[in-house]
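# Structural characterization, general
Spelled out from the first residue to the last, the chains are:
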Amino acid sequence: MKVEKLVEIIGSDFYSGVPDSQLKALCNYLMNTYGIDPKHHIIAANEGNCTALAAGYHLATGKVPVVYMQNSGEGNIINPVASLLNDKVYAIPMVFVVGWRGQPGLHDEPQHIYQGEVTVKLLEDMDIKTFIINKDTTDEEVAAAMEAFKAVLAQGKDVAFVIGKGALSYDGKVEYKNDNVMVREEIIRHIVAASGEDPIVSTTGKASRELFETRAANNQSHKYDFLTVGSMGHSSSIALGVALNKPKTRIWCVDGDGAVLMHMGSMAVLGANKPKNMIHVVINNGAHETVGGMPTVAAQIDLVTIAKACGYPNAVCVDSFEALDSELEAAKARNELSLIEVKCSIGARDDLGRPTTTALENKEGFMEYLKELS
Ligand SMILES: Cc1ncc(C[n+]2csc(CCOP(=O)(O)OP(=O)(O)O)c2C)c(N)n1
């Protein structure tokens, strides 16, 4: 169905979400229609954050908001859904629009398989009434589902439209760009050159795919890298866990700005622990590039100051390869936690592949390699 029709049928004037490639039509429609607009459309840090923000909208207006998200964000909404929205607590009505990755029967990446299997069950367990929109679902069927949903919403309960692959379309185009010049894949090549045989924990999305392809192009083993293919926002905590237990090994985290924002509390925990053997590189393109390029708020925040305030002894920002190379070497030379924020453009190669090893092979190779290190 056309996204304009879905929006008309839902009839809400406030959307908060974390972008998803499967919801690209909705994200691009919202960006073209509202941009980022405090009254109508806010891209928040994680899906729980969206849910709470939307709850505040309801408290202030009495109206029903929409939260859009990939199904991987279900974990992030469960707490506010169960203990804030639920009708045994505050009975706050909300419409969720959930991109269904890993829909059973359709091929998808490992991180989406189990989440895809439990997507509808989890919503139902959370007492959220669901309606699945697939490619062949008609506008009339969606309108009828929304009519039924209205009675549910009126009781202070929550509902969800679960969106299958290719179910939403939008003819409008949006060009996402910024003024930065460095390309993420090239940044990753420079990090790989500097890190040598050090382990790297990389973040969710194309950064990990580019790291995988960089190793292949260099004829290097993949054993150096733990690719955090799911669990967005947690790669720096994984790296911290490794670093604390391999104190003589330098551990790198290659992070994204969307991921850092998603669970930013991890920076405070990193800063408090100050692992001397960890280098945290945040590639900041101010965007959720992997899922389409929709903005994060990271272009407007000062990550270096945040890191320093969290207790990182060293934090710098670079916007050229020359500065990047020299900061990578400086971080290696000092025996202290360092953050390097790298200003990055928005975009990636069209023919970028996906890891050809399984997630389990990746873990086993990485763990075997860590055994050699102390
Ligand atoms: C909890 C959760 N929500 C949403 C997604 C979908 N998703 C995958 S990558 C990505 C964007 C990551 O943005 P960033 O960290 O800035 O990296 P970039 O893609 O820009 O390199 C999103 C939203 C996800 N994997 N997990």
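Residues numbered from 1 in each chain as written. Predicted model: local features only at pLDDT ≥ 70, side-chain atom pairs only at ≥ 80, totals over all residues. Heavy atoms only, no water.

Neighbouring the ligand are 21 residues; Glu47, Arg184, Gly258, Ala287 and Thr290 lie closest to it. A distance of 3.1 Å separates a nitrogen atom of the ligand from a polar atom in the side chain of Ser72. Between Arg184 and the ligand, the recorded distance is 2.7 Å, taken from a side-chain N or O atom to an oxygen atom. Contributing elements (two or more residues each) for the shell around the ligand: helix H10 (257-262) and strand E11 (287-288). The dominant element in the shell around the ligand, judged by the number of residues it contributes, is H10, at four residues. Along the lines of polarity and charge, the residues of the shell around the ligand split into seven nonpolar, ten polar and four charged. (Near = heavy atom within 4 Å. Polar contact = N/O pair within 3.5 Å; in protein donor to acceptor, adjacent residues only side chain to side chain. Helix = DSSP H or I, 4+ residues; strand = E, 2+ residues; numbered from the N terminus. Nonpolar A, V, L, I, M, F, W, Y, C, P; charged D, E, K, R; others polar.)

By size, the foremost hydrophobic cluster in this structure holds 35 residues, and its most contacted members are Ile10, Leu26, Tyr68, Phe161, Ile163 and Leu168. Of all hydrophobic cores here, the second largest spans 24 residues; its members include Tyr224, Val242, Tyr312 and Phe366. (Core = buried A, V, L, I, M, F, W, Y, C linked by side-chain atoms within 4.5 Å. Buried < 20%, exposed > 50% of the residue type's maximum accessible area, 1.4 Å probe, protein only.)

Under the domain assignment, the protein chain is made up of domain 1 (3-163) and domain 2 (184-372). Each of domain 1 and domain 2 was reduced to a C-alpha centroid, and the two centroids are 30 Å apart. At the interface, 17 residues of domain 1 touch twelve residues of domain 2. Roughly 1200 Å² of surface becomes buried between domain 1 and domain 2 when both sides are summed, with 68% attributable to carbon and sulfur atoms. Our count for the contact surface shared by domain 1 and domain 2 stands at one salt bridge. (Domains from an automatic or database assignment. Contact = heavy atoms within 4.5 Å. Buried area = accessible area lost by both parts, 1.4 Å probe. Salt bridge = Lys/Arg side-chain N within 4 Å of Asp/Glu carboxyl O.)

Between two packed helices, the angle of one axis relative to the other and the distance separating the axes together describe the packing. Interhelical geometry of helix H9 (residues 235-245) versus helix H11 (residues 265-273) gives an angle of 20° and a closest axis separation of 10 Å. The angle between the axes of H9 and H11 places the two elements in the roughly parallel class. Between H9 and H11 lies a crossing whose hand is left-handed. On the side of H9, the interface is formed by Ser236, Ser237, Leu240 and Leu244, while H11 contributes Ser266, Val269, Leu270 and Asn273. The class makeup of the residues in the contact of H9 with H11 is four nonpolar, four polar and no charged. (Axes fitted to C-alpha atoms, helices over the stretch in contact; angles between N-to-C directions. Parallel < 35°, antiparallel > 145°, perpendicular 65-115°, else oblique. Left-handed = near helix turned anticlockwise from the far one by under 90°.)

As a further point, take the pairing of strand E4 (residues 94-99). Counting buried residues in E4 gives six out of six residues, a clear majority hidden from the surface. Residue alternation in E4 divides its side chains into two sets, Met94, Phe96 and Val98 and Val95, Val97 and Gly99, and both sets are buried. Across five bridges, the pairing between strand E3 (residues 66-70) and E4 is parallel. Across the sheet, Val67 pairs through a bridge with Phe96, a residue of E4. In this view, the connection linking E3 to its parallel neighbour E4 by way of helix H4 (residues 74-85) has right-handed handedness. Pairing geometry for E4 and strand E6 (residues 158-163), over six bridges, is parallel. (Pairing = 2+ DSSP bridges. Right-handed = clockwise from strand over helix to strand, strands pointing away.)

The subject of this paragraph is the packing of aromatic side chains. Using the criterion set out here, one finds six aromatic pairs in the structure. Between Phe131 and Phe161, the aromatic rings sit 6.2 Å apart at their centres with planes inclined by 80°, giving edge-to-face as the arrangement. Remark: Phe161 occurs in strand E6 and Phe131 occurs in strand E5 (residues 128-133); sequence separation between them is 30 residues. Phe161 gets classed as buried once you look at its relative accessible area, which sits at 0%. Among the aromatic side chains, those forming a connected cluster through ring pairs are Phe131, Phe149 and Phe161. (Phe/Tyr/Trp six-rings, centres within 6.5 Å; stacked < 30°, edge-to-face > 60°.)

To continue, consider the pattern of salt bridges. Taken as a whole and judged by the stated rule, the model has 22 salt bridges. In this structure, Arg184 and Glu289 form a salt bridge, with 2.9 Å as the shortest nitrogen-oxygen distance. Remark: Glu289 occurs in the loop between E11 and strand E12 (294-295) and Arg184 occurs in helix H7 (residues 184-195); sequence separation between them is 105 residues. Glu289 shares its class with Arg184; the two are buried. Across the salt bridge formed by Arg349 and Glu185, the nearest N and O atoms sit 2.7 Å from each other.

A separate point is unusual backbone geometry. Positive phi, normally seen in glycine, also occurs at Ala91, with a value near 50°. Mapped onto the elements of the fold, Ala91 is located in the loop between H4 and E4. At Asn219, a position not held by glycine, the phi torsion is positive, near 55°. Mapped onto the elements of the fold, Asn219 is located in the loop between helix H8 (206-217) and strand E8 (225-227).

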